[in-house]
Structure formats: structure tokens, C-alpha cells
Amino acid sequence: MKILNKNQLETILNKLAEEAEVFVPMSKGNSSGFYSWKTRNPETERLMLDALNVYLSPKNIGFPQTEKMYSIKQSGPDVEIKETFEDSDPRIIFGIRACDARAITCMDDVFLTRGYEDSFYKARRDNTTIIANACYNPGPNCFCAGMGIDPTEPNADIIIRDTGDTGYIWETKTTQGEQLSARIADLLEEKELKAPELKPFKTNVEYAGVAEKLKSMFEHPIWEELSQTCQNCGICTYVCPSCHCFDIQVKMWGDEGYRFRCWDSCMYTEYSAEAGGGNPRPTTKERFRNRFLHKLEFFTERYGYPLCTGCGRCIVACPTGINIVNIIDQVKEANVDV
Amino acid sequence: MSDKCSCEQPLVPVMVEVIDIKDETPDVKSFYCRKTEGGVPFDVKPGQCAMVSQVAIGEGMFSCTWQEEQEYLQFAIKKVGLLTDELHAIEVGQKLGVRGPYGNGFPVEECQGKDMLFIAGGIGLAPLRSFIKYCFKHREDYGKITIIYGSRSYADLCFKEELFNEWPAIKDTQVYVTIDNPEEAWDGHVGFVPAYVEEINPDPAGMIAVTCGPPIMIKFVLQSLEKMGYTDDQVITTLEMRMKCGIGKCGRCNIGSEYICLDGPVFNLAQLRLLPQEW
Ligand SMILES: Cc1cc2nc3c(=O)[nH]c(=O)nc-3n(C[C@H](O)[C@H](O)[C@H](O)COP(=O)(O)OP(=O)(O)OC[C@H]3O[C@@H](n4cnc5c(N)ncnc54)[C@H](O)[C@@H]3O)c2cc1C
Ligand code: SF4
Ligand code: SF4
Ligand code: FES
């Protein structure tokens, strides 16, 4: 089997970074996320391959937080627009975990299927290679397995497995992965190592059956109760690797400017507000309900699996302690005959 | 300017030129658009919508109230806010962005051979008009046509020329118009649309009812139709939710697992009853 020796790691990242932007999990100040290996500042940014989930997901690599779509130039009644593909150069996401890899599968389904292909997303996605790091020791807030994901088998072009020894097993899964592996073939070793056993999860939840049960719970009093402390701050949707809602806005300086899209959140009032003051989701309760039903019921009905990947980031980020695992448990316990 | 097919770049508009603007009511104007070089940017089925933009200001979803062959696309737009205020201020010759067509549209084929009942309030006539005009264009494919339409006042009635002169003159067509409150020069019906529908009481046998208007009107019309014996699959409506992308990606127009921009905006009542009551 192919082995990536840990002492070759930097060499390999350097080599890969010659031909593509390589995003790796790194700490940055008080935060952490996926940042460019090439342009890292070694003083303030440290590689965190061992950390399970960095604070910020790699969502912005395929779906930037803000993205210019086209430039606008007007003169009198004439208007000219020109597409501006901001950045779709080849990129590699190195060290992503199974939960975040699943989130990319969610994005692929949203942006590339069901009638329309999002050309902006597609341009980047076609140029993205994913090298995932299999998990064997889930963290305190990890519950991917409960959401139907095997943390040791991430959906990726290449999987690396930390043997705890001197090396990672390097497992190529797709043609795109083969092309990448070929480029660094001489830096990999041939050796037999054993992948570790998966340790038990500390957060246990079982999603199976939840989507079906939720079908009859739209009007259930549970939403009023669960949403009591929610501030509609939107941080959960921001740190979520799979929340894909966006807004489209325009920025003009005189006669020139551009239209862009940016992440949006169903937790905000503005999100569904209509002209004349109407809003189908007027209070926290409706917005909260929509978020969790989208994750746990609506997405499953549409795409066949939930929009929650068990990464646990929202549990950490929520200022008022709202916990999706707890919500799943409460839904399972709820009496639906009320 | 983008010359690519709107399907390859679904979020990037094609530019069109406004070739005519008509005042329909004090706050509704019709905009006739076509490409500068001639022709329409895309073909639109009755009930489908497009994102129309005064590009430097914003985009909004509007029903295409009529496509005249390759001549023009027509939108009837009510002045309610930022974008629509701007649109009401433009003049002929202005370039607008359009992208689409979006949505499923009305089931024009499935309705062939049926009698048609159209019930609209206010600007809600804009989407229905594309279906009404389609029926007239293919008059032999449809049975009797009954149109019930109401607005706050006489001035607020859209498409008056068609309503009072053109449509009533068409074979097997009845047009009923009502306004909310009495007015001196008005000798027609006064009262709200749902009550008027019950008063006219069109027989459900062989009929398909299509309704659009303010949410409160739709709600009561649906109740009236049910009372009058219409079954859920005989009643069609078209919904409005706030929209940004129009292609089922940006998330915001969902009702349950359906995206109104993509799976709607047209639903029959049987389909609507399966969705959470968020419309
Ligand atoms: C499927 C569909 C068909 C429509 N057809 C027509 C039509 O034929 N004629 C017509 O006059 N209007 C129609 N509307 C409503 C129209 O989209 C809004 O009135 C318009 O976008 C308001 O924009 P504004 O910037 O002037 O208002 P503002 O209040 O300034 O708008 C603020 C924001 O809210 C959005 N918004 C406001 N109201 C609505 C609404 N009711 N639905 C969706 N988004 C809204 C706007 O796009 C904008 O982003 C339709 C809406 C939908 C969803
Ligand atoms: S949620 Fe699962 S895949 Fe994600 S970091 Fe934890 S164990 Fe790994
Ligand atoms: S992070 Fe917590 S408080 Fe903020 S919107 Fe999400 S659930 Fe509500
Ligand atoms: S408008 Fe974006 S999903 Fe419907």
C-alpha cells in the first residue's frame, strides 16, 4: 500500500501547491479554518491535521462567502454586464474530515442537480480535488455516525489514514485522485501499515426515522419551546458546512459596479420578508422551525439524506446552547398525538 | 453583455430593451420588452416567471403576463418598493436584465377540453392573464370561459380594455367584474371577490378553477370553491414567496421540501394540502 511518511508531509504539500491552491486546516489567531498552504504565515498559522474539526468549515472554498457574479456598467438607458468568474483555479482541499466531505456532497446536490447547474459553483468544483483525513477518534461534539456517515470512509478523491505510526495510508479513490497521486508518486512509500480501530462516539444520536416523524410535527408545540432562547443571530448557519442559502445584491459606485451573492441565513427576518410587510416566517419560532426542518426533514425528502453532517460546529458556536443533538432527541421523544 | 443561453448561466441576465410602457392603474404599469436586435430572450409558458432587473438597482420575480410570439415579453408590475419604484420611473428605450423562464407554469395541456373559471384580485390578474390569453389563442381547445375579477376601485382594475371590451366579445366567455366599495360612476357589482364567486356560483361539473390574488383573497376563494363543491384537484393557484435565485438553490422560497420557484409557483389544491401551512 502507498504510505505518506509524516516527514514528507511538508514536501508533498509544497509540491502540490506548485500547481494548485492547497487548502489545509490551520489555526489562525483564536480561530481555525482551511487556509492556503502557499501563502500561510508560519508565525500565526499552524497546520492542524490532527484536530478533528477546525472552527470554520471549508465551505467557502467551493461557495465563497461573497462572490462577484458580473460587473455592471451603465450609461443612460444602456446597461452592459460582464461575467466575472472570480476564482476557479485548480484547488485541493487537504485534510478535510468525513463530515465536511459529506457537506460538499450536499452542496454538489444543491448546486449541480435538480434542473439547473450553478455555473459559478461548477467552475470551481470541477477544479477541486479532495483529500480527506479519515477519523478514528471522534471528538466530544462529533455525531456523524448518527447522521449516517462513516467517519473512516469519507467521500473524497483520496483518503489518508493516520496509522498513529510514522505515516498515513494513502488511498486513491477516483480518477481525479489518481492524477494527483501520480504527480507525487515518487514521494510516497510502499509499505504495509494498519489503520486503527474506530473508537466509540461520545455523542450518540440516531437520525433514522426522524424525517418521517417530523412530517407530522410541523404544528407541534415543541418548536415554541425549543426556540425560546434562540436569538436569530445566524452564527449556526454561518459555521455550518452545509447551509447553502444565499442572497443576491448589487454594489454600485456611480455608473459602475457589480452584482454579487453572499451567504444568507434563514434565521434572519429579512430572509423571507416580502414587499408590503408580509412575511411567512414572522417570528423566531417559524424561522427556527424552518432551519431544523430543512436540515432534518425537507432536505431528506428532496435529496434522500439529511443536511446535517454531524460536525458539531453549531453546538460549539451557539451563544445560547441550542444543540441539534438535543433537538433530534426531543423530536424522537415527542408525543405526536397532541 | 452575456450572449450565452440563459440555461448555461442561470443566474446571469440577458439584456432586453423596453419598447413600450403602459399605465394599467395608478400603481401598475405594463412593460413590453424585447432584445435590441429583435426577438425575445426566451420562450415563456403561461404562468412562468422571470427575474427582471433594473440592473444597477435590483432584481425581482415577475410573472410574464404575456409573450407575443417573438415580438415581446410583457410584465405587469405593481409599484411597492425599491425596485418597482425604479421600474415605474424608467422610459421606453431603457435596458433591463431578464433571466428565466422560471417555474412550472399552468397545466395548459391537462386543462384542454375543460370549462375554465379564472378568479383574480388586483395584480393577481397578471399571472392568470397569460393563461386566459392562451385559452383565447387556442379557443377551440377549451370549453366555456368565466372570468371573475375584482379590485379595490375602478381605477385599480388592470387591463381594462381587455376586461370590458375584448374578452366579453369572445365566444362562450363571461367576464364578471367587481370593486370593493361603491363609486359614483360605477354601475357594476360592488363587493369582495369570494362573495361574488359564491353569488355567481359556477357549476363545478367539468370545470377547472384557477385563482390568484392577495393571500387573504386566495384563502377565502379556496373556502368558497370548496363550499361550492369543487374538489381539490379542480382548483389551481399560483403562489408567491420571496425569491432570489429562481432555480432552487438559494433556499429562501421553500414551503416544506418544495421550492416555489422551481416546483411551483403553480399548484393544485391537492398538492398544496400536502405542504406545511406556510403560504
Ligand atoms: C412568483 C412570483 C410572481 C410575481 N409576479 C408579480 C407580477 O406579475 N407583478 C407584480 O407586480 N409583482 C409580482 N411579484 C411580486 C414582486 O416580486 C415584488 O413585488 C417585487 O419583487 C417587490 O420588489 P421591490 O424591490 O419593489 O419591493 P421591496 O419591498 O423594496 O423589496 C425588497 C425585497 O423583497 C423582495 N420582495 C418583496 N416583495 C416580494 C414578494 N411579494 N414576493 C417575492 N419577493 C418579494 C424583493 O425582490 C426585494 O428583494 C411576484 C412575486 C413572485 C414570487
Ligand atoms: S463528525 Fe465524524 S467525520 Fe466529522 S470530525 Fe467528528 S468523527 Fe470526524
Ligand atoms: S446560533 Fe443559536 S441563537 Fe444563534 S440563530 Fe443559531 S440556534 Fe439561534
Ligand atoms: S428563489 Fe432561490 S430557491 Fe427559490
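Residues numbered from 1 in each chain as written. Chains lettered and ligands numbered in written order. Predicted model: local features only at pLDDT ≥ 70, side-chain atom pairs only at ≥ 80, totals over all residues. Heavy atoms only, no water.

1. Some thoughts on helix α1 (residues 9-19) of chain A
Residues and elements named next belong to chain A.
At step 1: For α1, the complete set of buried residues consists of Leu9, Ile12, Leu13, Leu16 and Ala17. The buried residues of α1 all sit within an arc of 135° when viewed along its axis, so they share a single face.
At step 2: Turning to α1, the residues buried within the fold contact β1 (2-5), β2 (21-28), β4 (45-47), β7 (91-96), β8 (128-133) and α5 (175-183). (Buried < 20%, exposed > 50% of the residue type's maximum accessible area, 1.4 Å probe, protein only. Helix = DSSP H or I, 4+ residues; strand = E, 2+ residues; numbered from the N terminus. Arc of directions from axis to C-beta. Contact = heavy atoms within 4.5 Å.)

2. A closer look at the interface of chain B and chain A
At step 1: Of the residues lining the interface, 44 residues belong to chain B; the matching set on chain A comes to 49 residues.
At step 2: Of the roughly 3,800 Å² buried between chain B and chain A on both sides combined, carbon and sulfur atoms contribute 52%.
At step 3: Counting across the chain B and chain A interface gives 5 salt bridges.
At step 4: Across the pair B:Lys244 and A:Asp247 runs a salt bridge whose closest N-O atoms are separated by 2.9 Å.
At step 5: Linking chain B with chain A are 23 residue pairs in polar contact (both at pLDDT 80 or more). (Buried area = accessible area lost by both parts, 1.4 Å probe. Salt bridge = Lys/Arg side-chain N within 4 Å of Asp/Glu carboxyl O. Polar contact = N/O pair within 3.5 Å; in protein donor to acceptor, adjacent residues only side chain to side chain.)

3. Description of the site of ligand 2
At step 1: By nearness alone, every residue bordering ligand 2 is listed as A:Leu52, A:Asn53, A:Arg97, A:Ala98, A:Cys99, A:Cys135, A:Pro138, A:Cys142, A:Cys144, A:Pro151, A:Gly310 and A:Cys311.
At step 2: Of the residues assigned to the shell around ligand 2, the class counts are 9 nonpolar, 2 polar and 1 charged. (Near = heavy atom within 4 Å. Nonpolar A, V, L, I, M, F, W, Y, C, P; charged D, E, K, R; others polar.)

4. Quick word on helix α4 (residues 193-200) of chain B
All names here are of chain B.
At step 1: Residues Val193, Pro194, Tyr196 and Val197 constitute the buried set of α4. Angular distribution of buried residues about the axis of α4 spans 160°; they occupy a single face of the element.
At step 2: Buried positions along α4 lie against β7 (115-121), β8 (145-151), β9 (173-179), β10 (189-190) and α5 (215-227).
At step 3: Positive backbone phi, approximately 50°, marks asparagine 201, located one or two places after α4.

5. Focus: the sheet that holds strand β13 (residues 256-263) of chain A
Residues and elements named next belong to chain A.
At step 1: Taken together, the 4 strands give an open sheet; going across it, the order is β6-β5-β13-β12, and neighbouring strands pair in antiparallel fashion. Only two strands of the sheet have a single neighbouring strand rather than two, namely β6 (78-83) and β12 (246-253). Neighbour to neighbour, the strand axes of the sheet diverge by 25° on average, direction disregarded.
At step 2: In this structure, strand β5 (residues 66-75) lies alongside β6, joined through 6 bridges in antiparallel fashion. Looking across to β6, one finds that glutamine 74 is bridged to valine 79. (Pairing = 2+ DSSP bridges. Axes fitted to C-alpha atoms, helices over the stretch in contact; angles between N-to-C directions.)

6. Looking at the packing of helix α9 (residues 284-303) of chain A against helix α11 (residues 324-333) of chain A
All names here are of chain A.
At step 1: It is the contact of α9 with α11, at a shortest axis distance of 12 Å, that shows an interaxial angle of 85°. Of the possible angle classes, the one that applies to α9 and α11 is roughly perpendicular. Touching Phe288, Phe292 and Leu296 of α9 are Ile324, Ile327 and Ile328, all from α11.
At step 2: Its residues placed into classes, the contact of α9 with α11 shows 6 nonpolar, no polar and no charged. (Parallel < 35°, antiparallel > 145°, perpendicular 65-115°, else oblique.)

7. Considering the state of the cysteines
Residues and elements named next belong to chain A.
At step 1: Taken as a whole and assessed by the stated rule, the structure comprises 0 disulfides over all chains.
At step 2: Note on cysteine 106: no disulfide assigned, nearest cysteine sulfur contributed by cysteine 240 at a separation of 8.3 Å.
At step 3: Cysteine 99 supplies the cysteine sulfur nearest to cysteine 311, a cysteine that is in no disulfide, at a spacing of 5.4 Å.
At step 4: Relative accessible area serves as the criterion here: at 10%, cysteine 311 is assigned to the buried category. (Disulfide = S-S within 2.5 Å.)

8. A closer look at the sheet that holds strand β12 (residues 235-238) of chain B
Pairing between the strands of a sheet comes from backbone hydrogen bonds, and it takes one of two forms, parallel or antiparallel.
All names here are of chain B.
At step 1: If you trace the 7 strands from one edge of the open sheet to the other, you get β10-β9-β8-β7-β11-β12-β15, paired in mixed fashion. Strands at the two margins of the open sheet, each flanked by one partner only, are β10 and β15 (266-268).
At step 2: Each of β7, β8, β9, β11 (207-212) and β12 touches helix α2 (residues 125-137); the most contacted strand, β7, lies at about 155° to it.

9. Thoughts on the confidence of the model for chain B
At step 1: Averaged over all residues, the pLDDT of chain B equals 94, while 97% of them reach at least 70.
At step 2: Confidence metrics for the complex model read pTM 0.92 and ipTM 0.90. (pLDDT = per-residue confidence, 0-100.)

10. Some remarks on the pairing of β11(B)
Residue and element names in this part refer to chain B.
At step 1: Counting buried positions along β11 gives 6 out of 6 residues, so the element sits mostly inside the fold.
At step 2: Relative to β11, β7 is paired through 6 bridges, and the arrangement is parallel. Bridge assignment links leucine 117 to a residue of β11, and that residue is alanine 209.
At step 3: Taking the sense of rotation as the criterion, the β-α-β connection linking β11, α5 and β12 turns out right-handed. (Right-handed = clockwise from strand over helix to strand, strands pointing away.)

11. Here we look at the packing of α4(B) against α5(B)
Each pair of packed helices gets described by two things: the angle between the helix axes and the distance between those axes.
Residues and elements named next belong to chain B.
At step 1: Put simply, α4 and α5 touch, their axes get as near as 8 Å, and they point 20° apart. Taken together, the axis directions place α4 and α5 in an arrangement best described as roughly parallel. The chirality of how α4 crosses α5 is right-handed. Residues Val193, Pro194, Val197 and Glu198 of α4 form the contact with α5, whose own contacting residues are Met217, Phe220, Val221, Ser224, Leu225 and Lys227.
At step 2: Across the contact of α4 with α5, the residue classes break down as 7 nonpolar, 1 polar and 2 charged. (Left-handed = near helix turned anticlockwise from the far one by under 90°.)

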